[in-house]
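One letter stands for each residue in the lines below.
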Amino acid sequence: MQPDYRFIDADNHYYEPVDRFLAYFDSGTLKEGFRVDDENRLFVGDEPLYSGPESPMALPLTPGSHLELYTTMRMNAAVPTYDVPATEVPEFCSRDARLKVMDAQNVEAGIFYGSLGLLPEDQLAERKGPDLLYRHIRGYNRYAEEEWGFAHRNRIFAAPLLALDDLDRALGELQDVLSRGARVIQLTPRPTIDRRSPGDPHFDPFWARVGEAGVLVAVHIGMNAYHYVQQSGFWGENGLASLAEWTPFQRLIAMQDRPIMDFLGALILHGLFERHPKLRVLSVENSVSWLPYFARKLEQVVDLPFSPIETFKRHVYHTPVFTDDIRQAMDLVGDSQIVFGSDYPHPEGPAQPGQFLQHLEGVPETTAHKFLRATNAALLGLPV
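Residues numbered from 1 in each chain as written. Predicted model: local features only at pLDDT ≥ 70, side-chain atom pairs only at ≥ 80, totals over all residues. Heavy atoms only, no water.

### Description of the overall build of the chain
Next up, step 1: Counting its regular elements, the chain contains 17 helices and ten strands.
Next up, step 2: For 384 residues, the compact-globule estimate of 2.2 N^0.38 gives 21 Å, and the chain sits close to it at 20 Å.
Next up, step 3: Along the first, second and third principal axes, the C-alpha atoms of the chain reach 55 × 50 × 45 Å.
Next up, step 4: Buried positions account for 58% of the 384 residues belonging to the chain. (Helix = DSSP H or I, 4+ residues; strand = E, 2+ residues; numbered from the N terminus. Rg over C-alpha atoms; globule rule 2.2 N^0.38 Å. Buried < 20%, exposed > 50% of the residue type's maximum accessible area, 1.4 Å probe, protein only.)

### Observations concerning the packing of aromatic side chains
Next up, step 1: As enumerated under the stated definition, the model contains 17 aromatic pairs in all.
Next up, step 2: With a centroid separation of 4.9 Å and 15° between ring planes, the pair formed by Tyr14 and Trp148 is classed as stacked. Linking Tyr14 in the loop between strand E1 (7–13) and helix H1 (18–22) with Trp148 in helix H7 (residues 130–148), this pair joins segments that are 134 residues apart in sequence. The residues Tyr14 and Trp148 share a single accessibility class, namely buried.
Next up, step 3: An angle of 85° between the planes, with centres 5.2 Å apart, marks the rings of Phe21 and Tyr143 as edge-to-face. Residue Phe21 is located in helix H1, and its partner Tyr143 is located in helix H7; the two are separated by 122 residues in the primary sequence. Accessibility assignment for this pair places Phe21 and Tyr143 in one class, buried.
Next up, step 4: Joined through ring pairs, the aromatic side chains of Tyr14, Phe21, Tyr24, Phe25, Phe112, Tyr140, Tyr143 and Trp148 make up one cluster. (Phe/Tyr/Trp six-rings, centres within 6.5 Å; stacked < 30°, edge-to-face > 60°.)

### Some remarks on the pattern of salt bridges
Next up, step 1: Tallying each qualifying case throughout the model produces 24 salt bridges.
Next up, step 2: Measuring nitrogen to oxygen at the nearest pair gives 3.5 Å for the salt bridge that ties Arg180 to Glu145. Here Glu145 lies in helix H7 and Arg180 lies in the loop between helix H8 (167–179) and strand E7 (184–187), a separation of 35 residues in the sequence.
Next up, step 3: Overall, the relative accessible area of 35% leaves Arg180 in the partly exposed class.
Next up, step 4: Residue classification places Glu145 among the buried residues on the basis of a relative accessible area of 19%.
Next up, step 5: The partner of Asp194 in a salt bridge is Arg196, with the nearest N and O atoms 3.4 Å apart.
Next up, step 6: For Arg196, a relative accessible area of 30% corresponds to the partly exposed category.
Next up, step 7: Linked by salt bridges that have partners in common, Asp26, Asp131, Arg135, Asp166 and Arg169 make up one network. (Salt bridge = Lys/Arg side-chain N within 4 Å of Asp/Glu carboxyl O.)

### Side note on the sheet that holds E7
Next up, step 1: Reading across the sheet, the four strands line up as E7-E8-E9-E10 and stay open at both edges, with parallel pairing between neighbours. Of all strands in the sheet, those with a lone pairing partner are E7 and strand E10 (316–318), marking the two edges. Strand-to-strand twist across the sheet, computed as the mean angle between neighbouring axes with direction ignored, equals 25°.
Next up, step 2: The sheet contact formed by strand E9 (residues 281–284) and E10 spans three bridges and is parallel. Bridging across to E10, Val281 finds its partner in Val316.
Next up, step 3: Against the sheet, helix H15 (residues 308–315) engages E9 and E10, with an angle of about 60° to E10. (Pairing = 2+ DSSP bridges. Axes fitted to C-alpha atoms, helices over the stretch in contact; angles between N-to-C directions. Contact = heavy atoms within 4.5 Å.)

### Looking at the sheet that holds strand E3 (residues 42–44)
Next up, step 1: If you walk across this open sheet you meet the three strands as E2-E3-E4, and the pairing is antiparallel. Each edge of the open sheet is held by one strand with a lone partner, namely strand E2 (34–36) and strand E4 (47–48).
Next up, step 2: With two bridges joining them, E3 and E4 adopt antiparallel strand pairing. Residue pairing across strands places Phe43 opposite Pro48, the latter belonging to E4.

### Some points on helix H14 (residues 291–299)
Next up, step 1: Leu291, Phe294, Ala295 and Leu298 are the residues of H14 that are buried. For H14, the angular spread of buried residues about the axis comes to 100°, placing them on one side.
Next up, step 2: Elements in contact with the buried residues of H14: helix H12 (257–269), H15, E10 and helix H16 (326–333). (Arc of directions from axis to C-beta.)

### Details of the nonpolar core
Next up, step 1: By size, the foremost hydrophobic cluster in this structure holds 110 residues, and its most contacted members are Phe206, Trp207, Leu264 and Phe312.
Next up, step 2: The element contributing the most residues to this core is H7, with eight residues.
Next up, step 3: Non-local contacts of Leu264, meaning those with residues more than four positions away in its chain, are made with Val281, Trp290, Phe294, Phe312 and Val316. (Core = buried A, V, L, I, M, F, W, Y, C linked by side-chain atoms within 4.5 Å.)

### Quick notes on the packing of helix H6 (residues 121–128) against H7
Next up, step 1: It is at 7 Å that the axes of H6 and H7 come closest, and there the two elements cross at 155°. If you check the angle between H6 and H7, you find them roughly antiparallel. When H6 is examined against H7, the residues Glu121, Leu124, Ala125 and Lys128 are found in contact with a partner set consisting of Pro130, Leu132, Leu133 and His136.
Next up, step 2: When the residues that make up the contact of H6 with H7 are grouped by side-chain class, the tally is five nonpolar, one polar and two charged. (Parallel < 35°, antiparallel > 145°, perpendicular 65-115°, else oblique. Nonpolar A, V, L, I, M, F, W, Y, C, P; charged D, E, K, R; others polar.)

### Things to note about unusual backbone geometry
Next up, step 1: Residues Tyr344 and Pro345 are joined by a peptide bond in cis, for which omega reads 0°.
Next up, step 2: Along the chain, the position of Pro345 falls in the loop between H16 and helix H17 (365–380).
Next up, step 3: Positive phi is not limited to glycine here, since Arg195 has a value of about 65°.
Next up, step 4: The backbone of Asp343 shows a phi angle near 70°, a positive value even though the residue is not glycine.
Next up, step 5: Mapped onto the elements of the fold, Asp343 is located in the loop between H16 and H17.

Okay, structure coming up:
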């Protein structure tokens, strides 16, 4: 049954038309950093993009088409694509068209992330260094603000991208996006290029400003150093393999659970939330299938002056993927910590956001309301 309130969706995406997107970057960044060649292939400098050189703008995958592949990791499975480029699907690239689709989907507001622009972050950091990385971040964030809006009509909340690889640059970019009205910022679950934990006290000036501003920190799944240089290479694998070339072992250690568990574990066990109790972190598209194991491991940590599991339950929120056991996750961490995120229009989510209703049959109305609206509303400062 359709609720009598509108949803608030913590995981929406837009596609970036290449010419319009790259117009936000200076010529040096386009030459040395992220670029698209004449055949619409993606590169960082002279290297093909690790996630795959094919542009998602060409023929984007159909919403809902990736569900089986996403859960089975059968990378050779065939999935349907649109017959036209993303630029010819107005709601993928235009916020005005998207608002009309949101109305039809019963979605009042959502947190929005890019597609094309998120792909090269780690490769830029690891292979090119912080200067090119932060120049890319600046262009990405200007595009997100001007084309979608950090709080457009109090409905579209584009998440600017931040990174902790250089504290001074991170603080400068953070202050810039806060001055422009950002309600949520985005980080990728990875260590820094100099192998510091995001919970290291070195970064306390950044986290203090985040806590003071009261913005939400969204940690969205991403391509990261975890599988390229930190892990699979230590086990005899090609640490620079593209996503399409990953071995079963690389898929085992790199997809969803390991990066986010280690990232959140570092925040918790390195004392970040004890030093900055106002922080709120939202794990996006990382699944919740790992929660039972992670919670059990946190409960086993007894030699700290605080309870890691209680800290986790108090400060971290999660968007389950469509195939997750949502009720189990709520039982583990509380029904206020599990929130709605559809991933629309990316293929990993359902074809329509409202399909999540089928997972809420028999759930108390107050719990369903928290999941579909109330918690996300509170996180964004919207009416519950």
